[in-house]
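Spelled out, the chains give:
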Amino acid sequence: MEWGQGRYEYVAAQLLPTAEVMVDTAAIEEGERVVDVGCGTGNAALLAAERGARVTGIDPAQRLLDVAAAQAAERGLDARFELGEAASIPLPDDSADVVLSVFAAIFAPDPQAAAREMARVLAPGGRMLLSAWIPGGAVSQAVRRTRETVAEVLGQPPPTPPVAWHEEAVLRKLFEPYDLAVSLEEHSISFTAPSPEEFVDRESENHPLSVGARPAVEEAGRAEELRDGLVRIYRDANEDPSTFRVTSRYVVAEIEGSP
């Protein structure tokens, strides 16, 4: 998926509370070297820089890096942003005291390569924090419905389930080869809008997944069908009948090694 399409700034605003949780949990201190893998428009990177860290943000979407860099410059923060991805981080070995990845490494096509690279740049005694969605709930269902519809109209097989980054056993298998221990803590985040219909429309207009899916779905004449299906998912899951709110669960994984 091309994360630079659509308006990821909208998504970043939704996910800012998770970035705050992760930066708080990491207890980042002044002068520490922080690498934010899949930084997007810089949520976690900028929060870490506000604490006095020396921050490098890595992302495969140049447009998002440009947005993050502009925000850092406007706020006078010590942060730089470079093109790269979880499986190919353009930094030397042992160059980070803290590695962060807010719902980003979980999209790496090669999880083993991503784990290897993040472990490589983490200095001895450093700490890594990753967030990963827990499957289930309305947002998870809607994403699956969108991906399945796109696969159908393109004549592709159904998408394979993603690697379970939210499971401790999976993370241990990925990181124990690098002498890194794993612990998990569960959190939740809410998504709101005036109505389920408006939430679906906002996602369609802004979210990179929805924007990327639109051409194929519209060409197949199934855009209205998909929208109706998504609205039903969110209407059934709505936690606040007077407006709209759904809650998604996620984990923050703390991954650490010995000094």
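Since we're looking at a predicted model, the values are computed, not measured. Along each chain, the written sequence defines residue order, and numbers are assigned to residues from 1. Since the coordinates come from a predicted model, pLDDT governs what is reported: local features require at least 70, and pairs of side-chain atoms require 80 or more to be given and counted, while whole-chain, interface and lining totals use all residues. The side-chain numbers reported here are obtained from all heavy atoms of the structure, hydrogens and water having been left aside.

**A few points about the overall build of the protein chain**
Next, step 1: A run of H or I in DSSP counts as a helix once it spans at least four residues, and a run of E counts as a strand once it spans at least two, with each numbered from the N terminus. Counting its secondary structure elements, the protein chain contains nine helices and seven strands.
Next, step 2: For the protein chain, the spread of C-alpha atoms along the principal axes amounts to about 55 × 40 × 35 Å.
Next, step 3: Think of it in three bands: residues with accessible area under 20% of the maximum for their type are buried, residues over 50% are exposed, and the middle band is partly exposed, with areas taken using a 1.4 Å probe on protein chains only. Counting every position in the protein chain, which comprises 259 residues, the buried fraction comes to 48%.
Next, step 4: Sequence separation of 24 or more characterises 76% of the internal contacts of the protein chain that already satisfy a separation of 6 or more.
Next, step 5: When the accessible surface of the protein chain is summed, it comes to about 12,300 Å², and 48% of that surface belongs to carbon and sulfur atoms. Contacts are residue-level and defined by heavy atoms, with any inter-residue pair within 4.5 Å sufficient. Here, Shrake-Rupley sampling with a 1.4 Å probe gives the accessible areas, and only protein chains in the shown set may cover a residue.

**Regarding the packing of helix H1 (residues 8-26) against helix H7 (residues 196-206)**
Next, step 1: Two numbers describe how H1 lies on H7: the axes approach to 8 Å, and their chain directions differ by 125°. Considering their axes alone, H1 and H7 lie oblique with respect to each other. Touching Tyr-8, Tyr-10 and Gln-14 of H1 are Phe-199, Arg-202, Glu-203 and Asn-206, all from H7. Interaxial angle, 0 to 180 degrees, is taken between N-to-C directions of lines fitted to C-alpha atoms, where a helix line uses only the stretch in contact. The scheme is simple: roughly parallel for angles under 35 degrees, roughly antiparallel for over 145, roughly perpendicular for 65 to 115, oblique for anything else.

**A few points about the nonpolar core**
Next, step 1: Side-chain atoms within 4.5 Å link the members of a nonpolar core, which is a set of buried Ala, Val, Leu, Ile, Met, Phe, Trp, Tyr and Cys residues. Residues Ile-28, Phe-81, Leu-100, Met-118, Met-128, Trp-165 and Phe-175 are the most contacted members of the largest nonpolar core, which totals 83 residues.
Next, step 2: The element that contributes the greatest number of residues to this core is H1, accounting for nine residues.

**As for the pairing of strand S4 (residues 96-102)**
Next, step 1: With respect to burial, S4 is a largely interior element, six of its seven residues being buried.
Next, step 2: For two strands to be treated as a pair, DSSP must find no fewer than two bridges joining them. Summarising the sheet, strand S1 (residues 33-37) and S4 pair through three bridges and their orientation is parallel. Bridge assignment links Asp-36 to a residue of S4, and that residue is Leu-100.
Next, step 3: Here S4 pairs with strand S5 (residues 122-133) via six bridges, running parallel. Following the sheet pairing, Val-98 is matched in S5 by Arg-127.
Next, step 4: Read from S4 through helix H4 (residues 111-121) to S5, the crossover connection turns out right-handed. Here is how to tell: hold the view so the strands point away, follow the path from the first strand over the helix to the second, and if it runs clockwise the crossover is right-handed.

**Section: the side chain of His-207**
Next, step 1: Here His-207 shows up in the loop between H7 and helix H8 (208-219).
Next, step 2: On the accessibility criterion, His-207 (16% relative accessible area) is buried.
Next, step 3: Dropping the residues within four chain positions of it, His-207 is found in contact with Trp-3, Val-11 and Arg-202.

**Here we look at helix H2 (residues 43-50)**
Next, step 1: When you tally the buried positions in H2, you get seven out of eight residues, the bulk of the element.
Next, step 2: Of the positions making up H2, those classed as buried are Asn-43, Ala-44, Ala-45, Leu-46, Leu-47, Ala-48 and Ala-49.
Next, step 3: Looking at the buried positions of H2, the neighbouring elements they touch are H1, S1, strand S2 (54-59), helix H3 (62-75), strand S3 (79-83) and S4.
Next, step 4: After H2 finishes, the residue Gly-52 shows a positive phi value of roughly 95°.

**Considerations on the packing of aromatic side chains**
Aromatic ring pairs are described here by two measures, namely the spacing of the ring centres and the angle between the planes.
Next, step 1: Working definition: rings of Phe, Tyr and Trp (its six-membered ring) pair if their centres are within 6.5 Å, and the pair is stacked with planes under 30 degrees apart, edge-to-face with planes over 60 apart, and tilted otherwise. Counted according to the given criterion, the structure contains seven aromatic pairs.
Next, step 2: Each ring, one from Tyr-234 and one from Phe-244, has its centre 5.8 Å from the other, and the planes form 90°; the classification is edge-to-face. Residue Tyr-234 is found in helix H9 (residues 223-237), and its partner Phe-244 is found in strand S7 (residues 244-257); the two are separated by 10 residues along the sequence. Comparing Tyr-234 with Phe-244, the two get one shared label, buried.
Next, step 3: Members of the aromatic cluster, joined through ring pairs, are Phe-103, Trp-133, Phe-191 and Tyr-250.

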